[in-house]
Amino acid sequence: MTANSMYRWLRRAAYLLRQSRHEAELQEEIEAHRSLRQAHLERQGVAPSEAEEASRRAIGHVLLAREDSREAWLGSSDTWLQDLRYSARMIRRSPGTAAVVTLTMAIAIGMNASIFGVFHAVLLRPLPLPDSERLVWLSPHAPRFNIDTMVSRPDFLIWRERATSFERMAAYGQVDVAFLASGQASEEHLTLVSEDFWVMTGAKPALGRLFGPDEQNAVVLTHRLFEQQFNGDSEVLGTTVSLNGYPLTIVGVLARDFRIALPTVSSEYRPDSTAYIALPNTPSQPGAADRNIPGGRPVSVWVRVVGKLRPGASIERARTELQGIFDQIAHDFPTPLREGRILRVVPLLEKMVSPVETPLKILLGAVALLLLIATANIAHVLLARSLSRQSEIAVRVSLGAGRARIVRQLLSESLLLAVLGCGTGLVLAYWALHAVVRLWPDAVPRLEGAVINPQVLTFAVVVAVVSTVLFGMAPAIALLKTDLTSALKREDKTTSATPGVRRFRGSLVTLELTFATTLLIAAGLTFRSFWLMTARPPGFEPEQTLVTRVSLSGPRYASRIPQEQYVEELLRSLQRLPGVSAVGIDAGSFNSPVKVDGGTSDAAESVSDGQPIVTFKPVSLGFLRAMGVPVIRGRWPSDGALSSDAIESTDALLVNQRFADTVLRGQEPIGRHVAGPYVSGTIAAVVADFKDWQLDADPLPQVYVPFKRSMVLRSVRLVVRTQGDPVTVAPSVREVIARIDPTQAVAESATLDEVLGASISNRRFSLSMLALFAAVALLLALTGAYGVVAHSVGQRTREIGIRIALGARPSEVVRLVVRREIAFVAAGVALGVVGTFALAPLINALLYDVAPRDFATFAAVTIALAIASTLTSWSAAARAANVDPMKVLRGL
Amino acid sequence: MGLANTPSDLLPGTLEMLILRTLESGPKHGYAIVEHLRVTSQHALEIGESALYPALQRLLINGWTKAAWGTSENNRRARYYTLTSAGRKQLAKERAEFERMVRAIHDVLEAR
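1. Brief notes about the overall build of chain B
Then, number 1: Helix and strand counts for chain B come out as four helices and three strands.
Then, number 2: The linear arrangement of helices and strands in chain B, starting from the amino end, is α-β-α-α-β-β-α.
Then, number 3: Looking at chain B residue by residue over its 112 residues, the buried ones come to 33%.
Then, number 4: Partitioning the contacts of chain B with sequence separation of at least 6, the portion at a separation of at least 24 is 52%.

Listed below in structure tokens is the structure:
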């Protein structure tokens, strides 16, 4: 477009915006014109009344002048209106077609707008923090394991002092603590923050104030905790609460809208913080490694760091600078922990959403394919209709309508349908987004902001316009490819399509099936991953298992003896509870290299100094019973063998199948000696692998040791297997725990099934969406295939009638009709399989234990599609066999 | 037959060219343009309003003229049209084209 014509369109647009004023001005202008003429006549000696009359006559068609002036601006506006009115009439005349098109479009637009709504809310929406685009995540990165690591506190202090690319830097740590207020204990998610954190996040107190950098004894509550725990009573300001037995004063409550999901190192999901305290001051040297003080207040040596870039400072420059500082520290204070680390400086938002970025992109791609399928399907329907209207169109052409005019007419019909479809789609998207946010609140971070906003609206409209242009072209193409003169001559309303049109329709079917195949395979692979993830050993019944966590805190549990006494009392009391069939605890786990008699290291997954690394899990014997894990080899140690009296004299250990497979590689495990740094013993039995934490993580080689032999016993996970519904047992479990010691914090209880489900909630989300897309895609593609065959039957009614009259068998007729169309279907499936095979690795992020080119999935989907599409085409063609030959012959 | 007063008998675009030419001598309102065309053509061209105003709109769309409200000689509000520099260029172009055409027609008519 030249600059000139662009200006012309701009002037036209400006005209449209103030059309009524413009027309009023034009009227005034013409009236002025007339009065000038009248004055002129009067000057020539004509009487005033006559002059006025004459001037009116002379000016003639004022209306025409105005009409033509308007047309100069808008093109013929009348024809626009005419087109629209005509379109509305055509839509009313065939409401079925209109309904199908509108609905298809609404579903496609609705799904696209919804997914884009999620995409925008999660990945594109800026963080609700001041100058959020300058906030970055700073972390040493271990390329070998592709993980970010924590920053040591002293390192952070040096970074902050030396780096010049940053306006500020703040460190934070996150821990779960026992929170005791007025005799009530609860487990809270605590965030420890360094100075500058409040400034950086723009946090404001709703009540009281925020603590300063040196206020080591102050706690600030979130508004949620303030309401839940203290009923929003402002009297709590200044009162003392206990965190892990350490007294702190409540100095303030954060504003209600302050909500920031700070990333963890591995970006896994973590519940929102409920309280904030200042990071304790640690007078440490770089590289020093203090330990948490058991039972005391948490001391964070390892922190996470966020920074705010100076205006104009680039991320790359900041990274280079920080890498230099990091290398200098590594040189001055060498430790293996810093070896081979590279500094990572990434936008904070990117870090926060990194686990869901790829899945969301995949979903957006998938839903775009769905849109293409829907577009092709609508094109079908409109094409079929425009073919049946050929004679009508031929009449209009012969009455003088130009081809351009006809195409415009057809496009305006498409446009009207698109407006209806897009509108309905947006209503659908509105509901869908509400449902998604309610169904998967924790599946995707920042999902709560998913609403129909201007960006989503714009996206929906652009998508609608593009697809309208695409499907609106179809009837126009059909029109250009048909011979209208012969259409006019024919008597019947339907005419057979030319080979060109038939090929075009066929390739639409091919296109639909190609994309549907892709979506089905993607959904199939994801579903198979899901299935493998949730595979469980027999006897493992997470639905029947209640889990919760008790943290031992306070001066009373500072030493080992009372800790053990507490746990034993807990197990005894719960065992007696009606409805409970087994009770156990696990006391947390730790990874460590081990020495195993005859064990091989090269087969184990991770190896340290030639020794395989395995997970030690201190448990009570009841733990495996409560989990329902079957013994594969060997025997359960008797209860007596693991009781507190016998514990010193026995050295029985249990290992899992994975241990036997990877560390011992099929050698007899029973009786073999295992030597770890803290625990040693003899393998008494092998139990089945199971997942009790994270469904999409492979089970590691594990060693189960009696919890009494664990180093620390502070936070224990309680596992209660119930006979009835675990939910009904939960309150009495809570009661029992409170009776033993009301000052100990108990975390929310949930069934193991819920815990496991939550561990893959973002995968569930992706799977549900993909499954939905695949189902809709399949439906649309099959409808398309059915439509093409049915239409072809409709067009060949005469031929079929004659064949039947001449004695053709119904099955022959069906085969005849199907043969040509089925080729397009087969081509679609084949193209889909080949294309998906090429692109499959792109969805690797959604898969677990399944190769992206998994043969079984490809084969199953292909076969299922082949059967479904053949049946569909067949049933469409079966109508052909029902043609009454007499009717056809009479019609000849 | 001669040149009639209805613009449809003019060659397409000629009316616009004549209006541009008329405006070359300074801003004018619609009536003044009609009068100017009538007088300078010695009453051969009587432009009706139904032709004039659409033509004026076309000139505005193309950016060849600008319009502004002013006061007419009988003290009424009237819209005055002014030639823009783009309009001046357009006029020169159309004039050259028109003269070429007239010469061509002349040549044909005079050919033996």
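That covers the picture; the talk isn't over yet.
2. Observations regarding the overall build of chain A
Then, number 1: A tally of regular secondary structure across chain A gives 27 helices and 26 strands.
Then, number 2: Burial status across chain A gives 40% buried among its 892 residues.
Then, number 3: When contacts within chain A are restricted to residue pairs at least 6 apart in sequence, those whose partners lie at least 24 apart make up 84%.

3. Digging into the pairing of strand S9 (residues 246–254) of chain A
Residues and elements named next belong to chain A.
Then, number 1: With seven of nine residues buried, S9 lies mostly within the body of the structure.
Then, number 2: Sheet topology note: the strand S6 (residues 205–208)/S9 ladder contains three bridges and is antiparallel. Residue pairing for S9: Leu-207 is matched across the bridge by Val-253.
Then, number 3: In this sheet, S9 lies alongside strand S7 (residues 218–221) in parallel orientation, the contact comprising four bridges. Residue pairing in the sheet places Leu-221 in a bridge with Val-253 of S9.
Then, number 4: Hairpin connection, strand S8 (residues 240–243) to S9: the antiparallel pair is bridged by two residues, and Asn-244 has positive phi, about 50°.

4. Structural notes on the sheet that holds strand S1 (residues 28–29) of chain B
All names here are of chain B.
Then, number 1: Ordered by their spatial adjacency, three strands build an open sheet running S1-S3-S2, and the pairing between neighbours is antiparallel. Each edge of the open sheet is held by one strand with a lone partner, namely S1 and strand S2 (65–71).
Then, number 2: Across seven bridges, the pairing between S2 and strand S3 (residues 77–83) is antiparallel. Note on S3: the bridge partner recorded for Ala-68 is Tyr-80.

5. Details of helix H24 (residues 797–805) of chain A
Residue and element names in this part refer to chain A.
Then, number 1: Turning to H24, its buried residues number three or more, namely Ile-800, Gly-801 and Ile-804. Summarising the axial view, the buried residues of H24 lie within an arc of 100°, below the 170-degree limit, and thus occupy one face.
Then, number 2: Phi for Gly-807, located one or two positions after H24, is positive at around 105°.

6. Describing the interface of chain B and chain A
Then, number 1: Taken together, the contacts link 18 residues of chain B with 24 residues of chain A.
Then, number 2: Mapped onto the side of chain B that touches chain A, the elements with two or more residues apiece are helix H2 (30–40), helix H3 (49–61) and S3 of chain B.
Then, number 3: Looking at which element gives the most residues to the side of chain B that touches chain A, the answer is H3(B), with seven residues.
Then, number 4: Here the residues of the side of chain B that touches chain A sort into five nonpolar, eight polar and five charged.

7. Comments concerning the nonpolar core
Residue and element names in this part refer to chain A.
Then, number 1: Counting residues in each nonpolar core, the largest one holds 160 residues, and the members touching the most others are Leu-370, Leu-519, Phe-773 and Ala-777.
Then, number 2: A per-element tally of this core places helix H11 (residues 348–388) first, with 22 residues.
Then, number 3: Not counting chain neighbours up to four residues away, the residues in contact with Phe-773 comprise Met-111, Ala-366, Val-367, Leu-370 and Leu-519.
Then, number 4: Listed in part, the 59 residues of the second largest apolar core include Val-583, Leu-653, Ala-688 and Ile-760.

8. Comments concerning the packing of helix H16 (residues 499–533) of chain A against helix H25 (residues 810–839) of chain A
All names here are of chain A.
Then, number 1: Relative to each other, H16 and H25 sit at 40°, their axes nearing to 7 Å. Accordingly, the angle class assigned to the pair H16 and H25 is oblique. The two elements H16 and H25 cross, and the hand of that crossing is right-handed. Residues Gly-506, Val-509, Thr-510, Leu-511, Glu-512, Leu-513, Thr-514, Phe-515, Ala-516, Thr-517, Thr-518 and Ile-521 of H16 lie in contact with H25, whose contacting residues are Glu-821, Phe-824, Val-825, Ala-827, Gly-828, Val-829, Leu-831, Gly-832, Val-833, Gly-835 and Thr-836.

9. Some words on helix H4 (residues 85–110) of chain B
Residue and element names in this part refer to chain B.
Then, number 1: Between its first and last C-alpha atoms H4 spans 37 Å; for 26 residues at 1.5 Å apiece the expected length is 38 Å, and the two agree.
Then, number 2: Along H4, the positions that sit buried rather than exposed are Gly-87, Gln-90 and Leu-91.
Then, number 3: Its buried side turned inward, H4 meets helix H1 (14–23), H3, S2 and S3.

10. Some thoughts on unusual backbone geometry
Residue and element names in this part refer to chain A.
Then, number 1: Phi at Asp-131 takes a positive value of approximately 50°, unusual for a residue other than glycine.
Then, number 2: Relative to the assigned elements, Asp-131 resides in the loop between helix H6 (95–124) and strand S1 (135–142).
Then, number 3: Here Asp-131 falls in the partly exposed class, since 14 other C-beta atoms lie within 10 Å of it.
Then, number 4: At Arg-446, a residue that is not glycine, the phi angle is positive and equals roughly 65°.

11. Observations regarding the environment of A:Ala838
Residues and elements named next belong to chain A.
Then, number 1: On the secondary structure map, Ala-838 appears in helix H25.
Then, number 2: When the 10 C-beta atoms within 10 Å are taken as the criterion, Ala-838 is described as exposed.
Then, number 3: Sequence separation between Ala-838 and Pro-355 is 483 residues; the distance between their C-alpha atoms is 24 Å.

12. Some remarks on the confidence of the model for chain A
Then, number 1: Overall, the prediction assigns chain A a mean pLDDT of 83, with 89% of residues at 70 or greater.
Then, number 2: Segment residues 283–299 of chain A: pLDDT under 50, and 43 contacts once partners within four positions in sequence are set aside and those in other chains are kept.

13. Digging into the environment of A:Arg764
Residue and element names in this part refer to chain A.
Then, number 1: By the element assignment, Arg-764 lies in helix H23 (residues 761–795).
Then, number 2: Since 17 C-beta atoms lie within 10 Å of it, Arg-764 is described here as partly exposed.
Then, number 3: Remark: the alpha-carbon pair of Arg-764 and Ala-443, spanning 321 residues in sequence, is separated by 7.9 Å.

14. Considering the domain arrangement of chain A
Then, number 1: On domain assignment, one finds that chain A holds domain 1 (3–75), domain 2 (78–126 + 358–481), domain 3 (150–340), domain 4 (496–536 + 756–892) and domain 5 (555–742).
Then, number 2: Using only C-alpha atoms to locate each centre, domain 1 of chain A and domain 4 of chain A end up separated by 62 Å.

15. Remarks on the environment of A:Lys204
Then, number 1: Mapped onto the elements of the fold, A:Lys204 is located in the loop between helix H8 (197–201) and S6.
Then, number 2: C-alpha separation for the pair A:Lys204 and A:Val253, spaced 49 residues apart in sequence, amounts to 8.8 Å.

16. What to know about the packing of H11(A) against H16(A)
All names here are of chain A.
Then, number 1: Here H11 crosses H16 at 155°, and the two axes come no closer than 9 Å. In terms of their interaxial angle, H11 and H16 are classed as roughly antiparallel. Note on packing geometry: the crossing formed by H11 with H16 is left-handed. Every residue of H16 that contacts H11 at Ala-366, Leu-369, Leu-370, Leu-372, Ile-373, Ala-376, Asn-377, Ala-379, His-380 and Leu-383 is listed here: Arg-505, Leu-508, Leu-511, Glu-512, Phe-515, Ala-516, Thr-518, Leu-519 and Ala-522.
Then, number 2: The class makeup of the residues in the contact of H11 with H16 is 14 nonpolar, three polar and two charged.

So, how was this worked out
Residues numbered from 1 in each chain as written. Chains lettered and ligands numbered in written order. Predicted model: local features only at pLDDT ≥ 70, side-chain atom pairs only at ≥ 80, totals over all residues. Helix = DSSP H or I, 4+ residues; strand = E, 2+ residues; numbered from the N terminus. Buried ≥ 20, exposed ≤ 12 C-beta atoms within 10 Å, placed from the backbone. Contact = placed C-beta atoms within 7 Å. Pairing = 2+ DSSP bridges. Arc of directions from axis to C-beta. Nonpolar A, V, L, I, M, F, W, Y, C, P; charged D, E, K, R; others polar. Core = buried A, V, L, I, M, F, W, Y, C linked by C-beta atoms within 7 Å. Axes fitted to C-alpha atoms, helices over the stretch in contact; angles between N-to-C directions. Parallel < 35°, antiparallel > 145°, perpendicular 65-115°, else oblique. Left-handed = near helix turned anticlockwise from the far one by under 90°. Expected span 1.5 Å × (residues − 1). pLDDT = per-residue confidence, 0-100. Domains from an automatic or database assignment.

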